[in-house]
Structures are given as C-alpha cells and as structure tokens.
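Given next are the chains, with one letter for each unit.
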Amino acid sequence: MPDLAQILNRLDREMRADGDWGEVAAYIPELARVPKDRFAIAVVTADGSLYRAGDADEPFSVQSITKVFTLAIALGRSGDQLWHRVGREPSGRAFNSIVQLEQENGRPRNPFINAGAIVVTDEVLSGREPREALAEIVQFLKTACGSDDVYINNAVAASETAHGHRNFALAHFLASFDNLLNPPDLTLGTYFHHCALEMSTVQLARAGRFLVNAPDLPRLISATRVRRLNALMMTCGHYDGSGDFAYRVGIPGKSGVGGGILAIVPNVASIAVWSPGLNRYGNSAKGTEALARLTRLMDWSVF
Ligand code: DON
C-alpha cells in the first residue's frame, strides 16, 4: 500500500498552497463566521489505524453529514416502511429545492435532500420528545466515533432556526401532503439541532467506520443496510453534484454545508475531510479536490 501518512501530508500542503478557498455558507449566519482558510483530512482504515493531516482536531459543524446517521436510526426504528414516505432516486436539484417536492406530491426524492432529511427526522422523532430523539442521535454518533466529546452547537441551531425559511416552507409543504407525523416546528427543531452537531475531522472519520464493514466494531446496523447506505451516498450524497463527485472521486460520500465530507471505501477505510469553503453545489471545494487526489493516489474506487 502507498504511504498513506505521506500522501495526507502532501495533500495538506497542496490544498493550502492553492489560494482559492471557495465561499463559506452564508445563509446560516453563524456558519459565515468560520474562517475559510482551514483544511483537514483523516483516514481510519478497517483495522482501526488512524492517519491525519491539517486541522483535524478542530470541531466543525457537521450539518448534512448527520443525515446518514439519522437515516440509519430511522431505518432501524421503522424498517422499509420509511420508503413509503421518501424515495431513493437522485434529485438533480439543489439540496434545498422546493419545486420538485410540489411536483411529486410531497414525497421527497431521497433522504439526503433537505425535504427527505426532514421526513427522516420526523420518523426518528415520532412517539417521543425532541430531546429524546436528539439524545439517541448524539449517542449513536458518540458510540460510532468512540468518544463522548460530541456536542450540539446551540448558537448554530438558533441561527438556522432564525433564518431557515426554506426549511420551514419544505416542512409545511410536507405537512400539507400529510407527510409529517409531528408539528412542523418540532420536527424542524430536531432537524436544526442534529445538523448543528460538532465533531472534529478525526472523530468523523472514526464515526464513519460503521459504514466500512469493519470486523471488530459493535454492529450499529446490519451489513445489508451498510451496503444500502453506501449506495445512497454514492447516488444522492452530493445532491445535484452527485454525478460529478462519483466521476471525480469514485467512492460514496456525504457532504455538509459546514465544509465536511464523509467518504467510504467499502471494506477498506473511512475518510473525513473538512474545509469550510464550498463549491457551486454547496459541497466543500478543497475537500472534494483532496478526495479526488487521495482516491487516485491510493487507487481507491468502487468502479
Ligand atoms: O438544512 C440546511 O440547509 C442545513 N442544516 C444543512 C444543509 C447541508 O448541509 C447541505 N449540504 N451540503
């Protein structure tokens, strides 16, 4: 195997040498305060070895990457019933698009666009209080990454609540099509808070190991579901940039507007990257580029 530690240091140098850091997400004001000249990468292999470079201990807002974990929880609670409420097709639209939801009668295309993730959150919330659902989500992440140092940033959640007009519109659309079990403000409150979870790049890479099929882990979900989550990450994990990500990077991945990406080499490694500046699809610009270079150098691909 090529020298992974050396490759990560090289990527860290290369990413910092290029001056174009992209644009941080401004529609959540609290996220706009994050300095954009940050880069981190961490790889945890199936046997648990950690390789890292850059600002890999700095916590950042995980945002949409939590959608993978909430989907795992929702499938665990509700099984395939969930698919009556949300589809499994790429959307070809921005993550916060409204138009498709109306055209398709309130059944979101997939669980990773915002409308779909709101439905998944609603499923995780059903039958209990938001704080109980959030406690399960936080605990799942703590167990997955093997650390108790995982927190919700309440300032980020409050900032998104105050400016989340599109998500309120999506939730009310869902309710108007009878595809919400809980009051929109409770489902959205839960959604905004799990998006506001903070983890470091190292923690995220460790947490992703449950999607690698690592042999020694406590099994959080079945091997079949691991495959299915990876399939959805591959086809829908980067919204209308999913085809481009598959072409350039070649492995399943899920992005967040905080600038993080979790990517999986099935049976081999979990990779997390973080750089807050985003490309035009709302996915980390340098994070995507670093993953493209890493998978080429390591000869990692699912194709
Ligand atoms: O709902 C939102 O808009 C954010 N809390 C999450 C969006 C996100 O991370 C999109 N990913 N690139």
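Residues numbered from 1 in each chain as written. Predicted model: local features only at pLDDT ≥ 70, side-chain atom pairs only at ≥ 80, totals over all residues. Heavy atoms only, no water.

Caption draft 1: Expanded view of the overall build of the protein. For the protein, the helix and strand inventory stands at 13 helices and 8 strands. Taken over the C-alpha trace, the protein has a radius of gyration of 18 Å; the compact-globule value for 303 residues is 19 Å, and the two agree within 12%. Principal-axis analysis of the C-alpha atoms gives the protein an extent of 55 × 40 × 35 Å. Residue burial in the protein is summarised as follows: out of 303 residues, 57% are buried. A fraction of 69% describes how many contacts in the protein between residues 6 or more apart in sequence connect residues 24 or more apart. (Helix = DSSP H or I, 4+ residues; strand = E, 2+ residues; numbered from the N terminus. Rg over C-alpha atoms; globule rule 2.2 N^0.38 Å. Buried < 20%, exposed > 50% of the residue type's maximum accessible area, 1.4 Å probe, protein only. Contact = heavy atoms within 4.5 Å.)

Caption draft 2: Region of interest: the sheet that holds strand E4 (residues 151-152). With respect to topology, 3 strands assemble into an open sheet ordered E3-E5-E4, the strand pairing being antiparallel. A single partner strand is all that each edge strand has here, and the edge strands are strand E3 (60-61) and E4. Where E4 lies against strand E5 (residues 197-199), 2 bridges are found, and the strand directions are antiparallel. By the bridge assignment for E5, Ile 152 is matched with Leu 197. (Pairing = 2+ DSSP bridges.)

Caption draft 3: Spotlight on the side chain of Thr 295. The topology assignment puts Thr 295 in helix H13 (residues 285-298). A residue is classified by how much of its surface remains accessible, and Thr 295, at 4% relative accessible area, is buried. What Thr 295 contacts, discounting residues up to four positions off in sequence, is Arg 248, Val 249, Ile 251 and Trp 300.

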